[in-house]
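Analysis of the macromolecular model
Here is what each chain is made of, one letter per residue.
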Amino acid sequence: MRTPIIAGNWKMNKTPAEATEMIQALKPLVKEAKCTVVLCVPALLVHAAKQAARGSKIKIGVQNMHWKESGAYTGELSAAMLKACGVDYAIIGHSERRQYFGETDETVNLRSLAAIRNGITPIICVGERKEQREGGYTNSLMEYQTLTALNGMTADEVKKVVIAYEPVWAIGTGLTATDEQANETIGVIRAAIARKYGKRVADKVRIQYGGSMNPKNATGLMAQPEIDGGLIGGASLKAEDFSKVVNF
Ligand code: PGA
């Protein structure tokens, strides 16, 4: 019913030449993919990535964007600019941005609204830290982070967003949530969306798992009914690894 979506998050890696090389290697490997395939690259690599991806189903995204249309915001990029450069997706509120760059649930909301209104699909990241899971706060936190991010969207807009459930303790650590843990928490997120926007809307929203997802664990995670895809960091940097996740 929902088309799965596998998105790579390259973080702060690769030059334009390396991006071109990786995408050219990836193209034949994902030709038969049954899911949406996205690479979220550093904004500076969008041009090279778009050119390399031409003629394939690989969509290009970025890893952050500002919520204002234009103006005196030194160093920032707007959704309208990114859209004009062919960007179709933007990761919003990644835990590294929350941790190192002062991202809050409120700015995640502003960025998500700006993305959706400019025709960019936000991949909105939510996730609990280790001590929050251990304290029993995961479900209430995920509901809060998700509904705050969506605040002010119409039901039709909510249908278009992608949510990435990324437990912070699983990112870049080699620790993954178990298939059941990921499925259960994603179910909690979907139920919260259903309570506010209705089941018909919640059933449309694609919710990914992220956090040390790789060729070895992708099949098990993707077999879970609530999990609609993955947001892949480390394993998205090499064409072979990423293609194996895409072809889960
Ligand atoms: P990881 O990163 O796959 O390297 O854990 C995931 C992410 O940060 O989105």
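Structure's up top.
As the structure is a prediction and not an experimental result, all values here were calculated from the model. (Residues numbered from 1 in each chain as written. Predicted model: local features only at pLDDT ≥ 70, side-chain atom pairs only at ≥ 80, totals over all residues. Heavy atoms only, no water.)

One pass over the full model with this rule turns up 2 aromatic pairs. When the centroid spacing of 6.3 Å and the interplanar angle of 85° are considered together, the rings of tyrosine 100 and phenylalanine 101 count as edge-to-face. Just as tyrosine 100 is exposed, phenylalanine 101 falls in that class too. Between the NZ or CZ atom of lysine 14 and the centre of the ring of tryptophan 10, over which it lies, the distance is 5.2 Å. (Phe/Tyr/Trp six-rings, centres within 6.5 Å; stacked < 30°, edge-to-face > 60°. Buried < 20%, exposed > 50% of the residue type's maximum accessible area, 1.4 Å probe, protein only. Lys NZ or Arg CZ within 6 Å of the ring centre and 35° of its normal.)

Ranked by internal contacts, the top residues of the largest apolar core, which has 67 residues, are Ile23, Leu39, Ile58, Leu150, Ile163, Tyr209 and Phe242. Once residues within four sequence positions are removed from consideration, isoleucine 163 is found in contact with Ile124, Val126, Thr146, Leu150, Ile189, Val205, Arg206, Ile207 and Gln208. Core analysis: the second largest hydrophobic core is formed by 11 residues, Ile5, Ala7, Cys40 and Ile91 among them. (Core = buried A, V, L, I, M, F, W, Y, C linked by side-chain atoms within 4.5 Å. Contact = heavy atoms within 4.5 Å.)

Helix α2 (residues 46-53) packs onto helix α1 (residues 16-29) with a crossing angle of 25° between their chain directions and a minimal axis gap of 9 Å. The orientation of α1 relative to α2 falls into the category roughly parallel. As α1 packs across α2, the resulting crossing turns out to be right-handed. Only Ala48, Ala49, Ala52 and Ala53 of α2 make contact with α1, whose side of the interface consists of Pro16, Thr20, Ile23 and Lys27. Its residues assigned to classes, the contact of α1 with α2 shows 6 nonpolar, 1 polar and 1 charged. (Axes fitted to C-alpha atoms, helices over the stretch in contact; angles between N-to-C directions. Helix = DSSP H or I, 4+ residues; strand = E, 2+ residues; numbered from the N terminus. Parallel < 35°, antiparallel > 145°, perpendicular 65-115°, else oblique. Left-handed = near helix turned anticlockwise from the far one by under 90°. Nonpolar A, V, L, I, M, F, W, Y, C, P; charged D, E, K, R; others polar.)

All right, on to the sheet that holds strand β2 (residues 36-40) then. Taken in spatial order, the 8 strands close into a barrel running β1-β2-β3-β4-β5-β6-β7-β8, and their pairing is parallel. The sheet shows a mean angle of 25° between the axes of neighbouring strands, direction not considered. As judged from the 4 bridges shared by strand β1 (residues 5-9) and strand β8 (residues 229-232), these two strands associate in the parallel manner. Bridge pairing in β8 places glycine 8 opposite isoleucine 232. (Pairing = 2+ DSSP bridges.)

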